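Residue strings, one per chain:
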Amino acid sequence: MALRLLIIAQITWIAVVGAETRGILGASSMPTVIGLVIALTLYPVLIGFPIAVWFAARRAGLPTWKRRVLLGIEAALGYATFLALLPAVQ
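Residues numbered from 1 in each chain as written. Predicted model: local features only at pLDDT ≥ 70, side-chain atom pairs only at ≥ 80, totals over all residues. Heavy atoms only, no water.

Asker: What's the story with the overall build of the chain in this structure? I'm lost.
Answerer: Within the chain, the regular secondary structure consists of three helices and zero strands. Scanning the chain from its N terminus toward the C terminus, one meets helices and strands in the order α-α-α. Its C-alpha atoms give the chain principal-axis dimensions of roughly 45 × 20 × 20 Å. In the chain, which comprises 90 residues, the proportion classed as buried is 28%. As displayed, the chain has an accessible area near 6,000 Å², and 72% of this comes from carbon and sulfur atoms. (Helix = DSSP H or I, 4+ residues; strand = E, 2+ residues; numbered from the N terminus. Buried < 20%, exposed > 50% of the residue type's maximum accessible area, 1.4 Å probe, protein only. Areas by Shrake-Rupley, 256 points an atom, 1.4 Å probe, with all protein chains shown as cover.)

Asker: Would you explain the packing of helix α1 (residues 2-21) against helix α3 (residues 64-89) in this entry?
Answerer: For any two helices packed against each other, one specifies the inter-axial angle together with the distance between the axes. The geometry of α1 relative to α3 is characterised by a closest axis approach of 7 Å and an angle of 15° between their N-to-C directions. In terms of orientation, α1 and α3 fall into the roughly parallel class. Handedness of the crossing formed by α1 with α3: left-handed. In this structure, α1 contributes L3, I7, Q10, I11, W13, I14, V17, G18 and T21 to the contact, and α3 contributes L70, E74, L77, A80, T81, A84, L85, P87 and A88. Taken together, the residues that form the contact of α1 with α3 break down as 13 nonpolar, four polar and one charged. (Axes fitted to C-alpha atoms, helices over the stretch in contact; angles between N-to-C directions. Parallel < 35°, antiparallel > 145°, perpendicular 65-115°, else oblique. Left-handed = near helix turned anticlockwise from the far one by under 90°. Contact = heavy atoms within 4.5 Å. Nonpolar A, V, L, I, M, F, W, Y, C, P; charged D, E, K, R; others polar.)

Asker: Teacher, can you tell me more about α1 here?
Answerer: Think of an α-helix as 3.6 residues a turn; residues three or four steps apart then line up on the same face. Its 20 residues give α1 an end-to-end C-alpha distance of 29 Å, which sits within 8% of 28 Å, the value for a rise of 1.5 Å per residue. Within α1 the residues assigned to the buried category are L3, I7, Q10, W13, I14, V17, G18, A19 and T21. Looking one or two residues beyond α1, the residue adopting positive phi is G23, at roughly 80°. (Expected span 1.5 Å × (residues − 1).)

Taken by themselves, the reported measurements are silent on function.
Written out as C-alpha cells, the structure reads:
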C-alpha cells in the first residue's frame, strides 16, 4: 500500500509541475506560490521519491525482479519530471 501511495504522490507532483510550467493553472497569484513550492522541493523530490520507493519495496519483501521493475518505473518517472520542467527552461 505504501508503494502505491508513493508512486501516486510522485505522479501527482509531476502533473502539478507540468501544469504549472505550461501555465495551465491560471494567472492568479497561486502559480507563483506553486512555482516557489516546486523550486524548493525539486531536488528533494527527485532524490527522495526513488529512495523512499526503494526502501518500501525492500520492506515489503518483494522479489528481486519486482524491485528492478520498480526501479525502472522510478527512472521513467524521473525522466517524466524533466520533461514536465522542459517548458520552463526553453
